[in-house]
Structures are given as structure tokens and as C-alpha cells.
Amino acid sequence: AFKEGITKFLSVFYGCKALVSIPVNLFVNYPQAISFVYVFFGCRNLKEIPENLFANNPAVTTFEGTFYNCKSLKSIPEKLFAHNPNVTDFSEIFRGCSKLKKIPEKLFPNCPKVTYFCRSFQNCKALKEIPGKLFANCPNATSFDSSFSGCSTLKSIPENLFANCPKVNSSFQTFALCKSLKSIPTGLFAHNPEVTDFSGTFMDCSTLKSIPENLFANCPKVTDFSETFDGCAKLTSIPENLFANCPKVTTFGRHSRAYISGAFSNCTSLTTIPEKLFAHNPEVTNFYGTFQSCTSLKSIPENLFTNNPAVTSFAYTFAECRSLTSIPENLFANNPKVTSFYGTFWKCSALKSIPENLFANNPEVTNFAYTFIDCSSLTTIPENLFAKNPAVIYFNLTFWDCTALTSIPENLFAHNPNVISFSGTFSGCEALKSIPAGLFDNNRKVSSFSFTCTFHGCSALTGESPYTMIGDQKVHIYERQNYPEHFTAPTNSKYTFKSCTGLTDYDQIPSWK
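In this text the structure is predicted, and so the values were computed from the model without any measurement. (Residues numbered from 1 in each chain as written. Predicted model: local features only at pLDDT ≥ 70, side-chain atom pairs only at ≥ 80, totals over all residues. Heavy atoms only, no water.)

Things to note about the overall build of the protein chain
Within the protein chain, the secondary structure is distributed over 0 helices and 6 strands. Taken from N to C terminus, the helices and strands of the protein chain fall in the order β-β-β-β-β-β. With respect to the three principal axes, the spread of C-alpha positions in the protein chain is 95 × 45 × 35 Å. The buried share of the protein chain, reckoned over its 513 residues, is 53%. Restricting to contacts in the protein chain with at least 6 residues of sequence separation, those with at least 24 account for 86%. For the protein chain, the accessible surface area stands at approximately 19,700 Å², while carbon and sulfur atoms represent 48% of it. With 43 positive and 38 negative side-chain charges, the protein chain shows a separation of 12 Å between the mean positions of the two kinds. (Helix = DSSP H or I, 4+ residues; strand = E, 2+ residues; numbered from the N terminus. Buried < 20%, exposed > 50% of the residue type's maximum accessible area, 1.4 Å probe, protein only. Contact = heavy atoms within 4.5 Å. Areas by Shrake-Rupley, 256 points an atom, 1.4 Å probe, with all protein chains shown as cover. Lys, Arg positive; Asp, Glu negative; His and termini not counted. Charge placed at Lys NZ, Arg CZ, Asp CG, Glu CD.)

Next up, the structure:
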């Protein structure tokens with residue numbers, strides 16, 4: 001028996017693996033109880049729940065994680081919460097109940113105050129269907145974050161599942177990792193105009209083959225579509241008007257510590273992108289990794305970003321699009337506020353050329369790090385590629401491992417006076433035969449990370465290493481610290497010319513090799 005007057009039951013039977021049943025009158029003497037948080041968490045051998053277990057607890061407001069990881073639980077009594085009208089939180093209540101095959105349609109008929117269903121049925125791996133009216137009496141629900149994520153055998157979603165939940169504002173990863181889900185009903189979110197977050201909603205739904213064009217037609221307040229369809233490997237096309245009624249969107253991608261995740265990243269069967277996909281999203285600032293690892297994508301529409309003037313980052317947008325052979329010259333022509341092209345075309349190994357005016361209308365760019373890393377089919381670089389980008393400070397690993405590159409135009413960096421780092425810029429360009437003498441003439445502020453590994457592994461190089469004429473004196477980049485009135489002294493120069501033994505001045509290069 002519990003002490004009299006208890007109002008909060010917290011983790012009471014947490015991890016009781018030997019518990020196989022619960023007395024029906026366990027909480028009958030606690031009508032004042034308001035919390036049953038994680039009470040039976042990890043009771044792995046619990047096989048059933050008495051229907052009237054909470055029948056005498058009308059004051060309860062939270063059932064967060066109550067039956068979390070009850071891995072032997074196969075069913076839920078339909079009237080389990082019939083006497084709990086004040087509940088506001090059902091977060092994680094049946095999370096990890098991996099043998100649960102069915103949810104009663106009237107499980108929440110008398111719970112009008114519920115706001116949170118976050119992770120409620122997450123990782124219920126045996127669950128194959130969801131009753132259509134499950135949330136019909138929950139008009140105040142605001143969050144379905146990860147509610148059914150990891151339900152790997154779930155095959156379909158009822159179209160009216162959220163029809164009576166007009167206040168929902170977040171659907172973060174709601175159906176993520178539902179690997180058996182093959183389709184999405186058109187009207188799934190038709191009655192949810194308050195949603196702002198659809199990030200990861202269908203992430204890793206690996207058998208999903210199509211997306212209804214009007215899926216988000218009634219969701220005008222959405223701001224975040226990061227990783228929404230990330231990992232939908234069977235998806236072959238995207239409807240052109242998918243985001244047509246979402247004018248408030250600000251991001252189509254995000255970067256966490258562990259991974260990059262864009263709206264369509266890792267959609268490996270996607271071959272084309274509709275030109276007007278983002279035509280009605282003028283407030284977008286971030287396309288981080290949006291199409292990363294779309295390995296079958298062969299082309300990009302030239303006007304894809306024409307109506308997105310507020311964009312500041314195209315980091316990793318087309319990274320690892322290994323079938324992409326060319327880039328339209330005006331792709332970024334209407335994006336004057338961009339500051340970062342970090343890794344934008346990283347590992348686009350089939351890319352053969354770069355348009356000279358690709359970045360001509362992006363004067364605020366500060367970061368070109370990793371932009372063309374491992375573009376192994378690229379043989380040349382246009383001389384004026386960065387001519388209109390005076391604010392650039394980073395060229396770290398920009399052309400790293402471009403193994404087919406044979407030459408560098410002399411004025412490539414002539415208009416970038418603020419650069420502070422060329423770390424690894426041409427590292428691994430094993431076919432590169434020479435370096436223009438004046439390549440870095442106008443880059444006199446190079447300091448932090450400076451010239452570390454800039455030409456590391458460029459073993460085919462011949463001729464003299466780059467230098468700047470000061471009067472009648474040649475000043476090689478490794479001699480800049482001796483001319484403080486003309487150059488910022490590089491602070492790091494390790495391995496700048498490592499393996500560049502064919503350079504005529506190789507023997508006189510100090511610790512830069």
C-alpha cells in the first residue's frame with residue numbers, strides 16, 4: 001500500500017522486470033493523484049493492464065511515459081482513460097511497447113484537455129494500423145512530435161486522423177522511420193492550419209513512393225520543412241505545388257552534430273526537381289542539405305531559387321549528388337544575401353564544369369569551404385568564378401580531391417582580398433601540374449589555418465611555388481612572415497607542399513612540407 005494523500009506517482013515500478021500484472025485497485029484510494037509519470041517504465045514482462053486501473057483518479061493531468069518500454073504488452077483496454085477528463089499530457093505513454101498490435105479507437109474519448117501526444121506510440125513496431133478516430137475527442141492537442149515514429153510495420157494512415165485537432169502546431173518526426181508506409185492521404189493535414197513544424201515528419205519512410213500535391217495546402221504557417229522526406233529512398237518525384245501555400249517557410253534543412261538533414265536528402269531515387277517547387281516561399285533563408293545524397297539527380301532547374309531572395313545559406317544543398325553533370329549558370333542569380341556555399345556541391349563526382357558566373361550575384365558570400373570537394377571529374381576552373389565575391393574569408397578545402405584538375409587560373413582569387421584561410425584548398429589534386437606565381441598576390445590577410453595542407457598531395461606539380469613581387473624581390477608564401485608591412489603572417493602552414501617534390505624550390509621550403 002502507498003502512503004495516504006499521495007498526489008504524484010513517479011517511476012514507482014520503474015524497471016520491475018518481474019512484474020507481470022497490476023492489481024485493479026492499486027490506485028483506487030488516490031482520487032487526488034495528478035501524476036503517473038513513468039510509473040511502469042521498463043516493466044518488460046507486463047502483459048496486460050486492468051481496464052479500471054485509473055477509474056478513481058479524475059484529477060490526473062499527466063500520464064507521461066506510464067507504460068514506456070512495456071515490451072510484452074499486446075493490447076490496451078478501450079476504457080483505460082475513460083474517467084480522466086483532466087489529462088493534458090500523454091507523452092511517451094506507450095513508447096517502446098514493441099508487441100502492441102492494436103490501439104482502441106475510443107482510447108481517448110473523454111480527454112478533451114490533452115495537448116501533448118509526443119512519442120505516445122513511438123517504436124510500437126508491431127502496430128500495423130491506426131484507428132481513424134483515435135484523436136477525434138482531443139480538440140486541444142498541439143503536438144504530435146514523434147507520435148508514431150519507429151512504427152516500422154505501419155502500412156497506412158487514416159486521412160482524418162487529425163481532423164478534429166485544429167490547434168496542432170508541431171508534427172516533428174510524427175511518422176519518421178515508418179518503413180512500411182507506402183502512401184500518405186491527401187487530406188491528412190487539411191484541418192491543421194496552425195502547424196509550424198513539419199521537420200522530419202516522414203523521415204526514413206523508405207518505401208514511400210509518392211507525395212500528394214495538396215498535402216500541405218491548408219498549412220499556411222509552416223516555417224520548418226527540415227528533413228521532412230529525408231531518406232525516402234523510393235521517392236521518384238516531387239509535386240511542383242507541394243509548398244505553394246506555405247509562404248512563411250524559412251528553412252528546408254538543418255545541421256545537427258551527428259548529421260545533415262534536408263527536406264529531400266537521401267532520396268536516392270529522385271531524378272528531377274520541379275522548377276517552381278519553391279516559387280511561393282519568399283522567406284526561406286536556409287536550404288541546408290535540401291537535396292544532399294540524391295544520388296540519381298541528373299539536373300537542376302535554372303530557376304529553382306528565383307523567388308527566394310532571402311536565402312543566406314546553400315550549405316550542402318546538392319552535396320553527394322553523384323549523377324549531376326552540370327550546374328545552370330543562373331542558379332543563384334536571385335539570391336544576393338547568401339553568405340555560405342559551404343559544401344554545396346561536395347562530392348558531385350560526375351560534375352564536369354562550373355559556369356563562370358555561377359556566383360556573380362552573391363556579393364555577401366563569406367564561406368566557400370568544401371564547395372567543390374571531391375568533384376573528381378572537374379578538369380578546369382573558370383578564372384572569374386569568385387570575381388564578384390569580395391567578402392569571402394574561407395576557401396578551406398574548396399577543391400580538395402578534384403583529382404582531374406590540371407590547372408588553376410592565375411586570377412582565381414584576385415578579387416578576394418579578405419581571405420584568411422586557404423587550408424586544404426587544392427589538397428589531393430594529384431593531376432595539378434603547376435601553380436600560377438601570382439595566385440595569392442591579392443590575398444595578403446591570410447592568417448588563421450592559413451595555408452595548412454593547401455597543396456598537400458599535389459605530387460605532379462612542377463615549376464616554382466607561388467610568390468608575390470615586392471619591388472624586385474620574390475616573396476614566396478612561406479616567406480611572408482618576413483615582410484610584416486606587406487602581409488599578415490600565416491599562423492599555420494603545416495603540410496602546405498607535402499609530397500610536392502617536383503617544385504623547383506622544394507628544397508628551400510622550410511617546415512611547410
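Once you've had a look at it, read on.
A closer look at the pattern of salt bridges
As enumerated under the stated definition, the model contains 8 salt bridges in all. In this structure, Arg-322 engages Glu-320 in a salt bridge whose closest nitrogen and oxygen atoms are separated by 3.4 Å. We note a salt bridge from Glu-464 to Lys-474, for which the minimum N-O separation is 3.0 Å. Highlighted residues: Glu-464 in the loop between strand S4 (260-262) and strand S5 (467-470) and Lys-474 in strand S6 (residues 473-476), separated in sequence by 10 residues. (Salt bridge = Lys/Arg side-chain N within 4 Å of Asp/Glu carboxyl O.)

Notes on a negative patch on the surface
A contiguous patch of negative charge, built from Glu-213, Glu-240, Glu-275, Glu-302, Glu-329, Glu-356, Glu-383 and Glu-410, is present on the exposed surface. Note that Glu-356 resides in the loop between S4 and S5. (Patch = residues over 30% accessible without salt bridge, like charges linked within 9 Å, V, L, I, M, F, W, Y side chains within 5 Å.)

Points about the environment of Glu-356
Take Glu-356: its relative accessible area is 32%, and that puts it in the partly exposed class. Taking the C-alpha atoms as reference, Glu-356 lies 18 Å from Ala-404; in sequence the two are 48 residues apart. A distance of 3.1 Å separates a polar side-chain atom of Glu-356 from the backbone nitrogen of Asn-384. (Polar contact = N/O pair within 3.5 Å; in protein donor to acceptor, adjacent residues only side chain to side chain.)

Side note on the nonpolar core
With 146 residues, the main nonpolar core has Phe-67, Phe-94, Phe-264, Phe-426 and Phe-455 as its most contacted residues. Tyr-288, Trp-346, Ile-373 and Leu-397 belong to the second largest nonpolar core, which has 8 residues in total. (Core = buried A, V, L, I, M, F, W, Y, C linked by side-chain atoms within 4.5 Å.)

Some remarks on the environment of Leu-351
Examined against the element boundaries, Leu-351 turns out to sit in the loop between S4 and S5. Taking the C-alpha atoms as reference points, Leu-351 and Ser-450, 99 residues apart in sequence, are found 28 Å from one another. Among all residues touching Leu-351, those that are not within four sequence positions of it are Leu-324, Thr-325, Ser-326, Ile-327, Phe-372, Cys-375, Ser-377 and Leu-378.

Considerations on empty space enclosed by the protein
All chains considered together, the criterion is met by 1 cavity of 30 Å³ or more. What the largest cavity holds in volume is close to 30 Å³. The wall of the largest cavity is formed by Phe-144, Phe-162, Val-168, Ser-171, Phe-189, Asn-192 and Val-195. Residue classes in the lining of the largest cavity are distributed as 5 nonpolar, 2 polar and no charged. (1 Å grid on protein atoms, 1.4 Å probe; cavity = no way out; pocket = protein on both sides within 12 Å on 5 of 7 lines; lining within 4 Å. Points joined across faces, edges and corners; volume = space filled by probe spheres on them. Nonpolar A, V, L, I, M, F, W, Y, C, P; charged D, E, K, R; others polar.)

Some remarks on the packing of aromatic side chains
Inspection of the entire model under this criterion finds 107 aromatic pairs. Aromatic pair Phe-13 and Phe-40: ring centres 5.4 Å apart, planes at 5°, arrangement stacked. Of this pair, Phe-13 sits in the loop between strand S1 (8-10) and strand S2 (35-37) while Phe-40 sits in the loop between S2 and strand S3 (253-255), and the two are 27 residues apart along the sequence. Phe-40 shares its class with Phe-13; the two are buried. Ring plane angle 50° and centroid distance 5.0 Å describe the contact between Phe-63 and Phe-81, whose orientation is recorded as tilted. Linking Phe-63 in the loop between S2 and S3 with Phe-81 in the loop between S2 and S3, this pair joins segments that are 18 residues apart in sequence. (Phe/Tyr/Trp six-rings, centres within 6.5 Å; stacked < 30°, edge-to-face > 60°.)

Focus on unusual backbone geometry
Phi at Asp-204 is positive, roughly 60°, even though this residue is not glycine. Relative to the helices and strands, Asp-204 is located in the loop between S2 and S3. With relative accessibility at 24%, the residue Asp-204 sits in the partly exposed group. Non-glycine residue Tyr-495 carries a positive phi angle of around 65°. Tracing the backbone shows Tyr-495 in the segment after S6. The class of Tyr-495 is partly exposed, set by a relative accessible area of 32%.

Brief notes about the side chain of Thr-454
Mapped onto the elements of the fold, Thr-454 is located in the loop between S4 and S5. Residue Thr-454 is classed as buried on the basis of its relative accessible area, which comes to 0%. Excluding residues that lie within four positions of it along the chain, Thr-454 makes contacts with Phe-422, Gly-424, Thr-425, Phe-426, Ser-427, Phe-440 and Thr-496.

Function-wise, these values are silent; they only describe arrangement.
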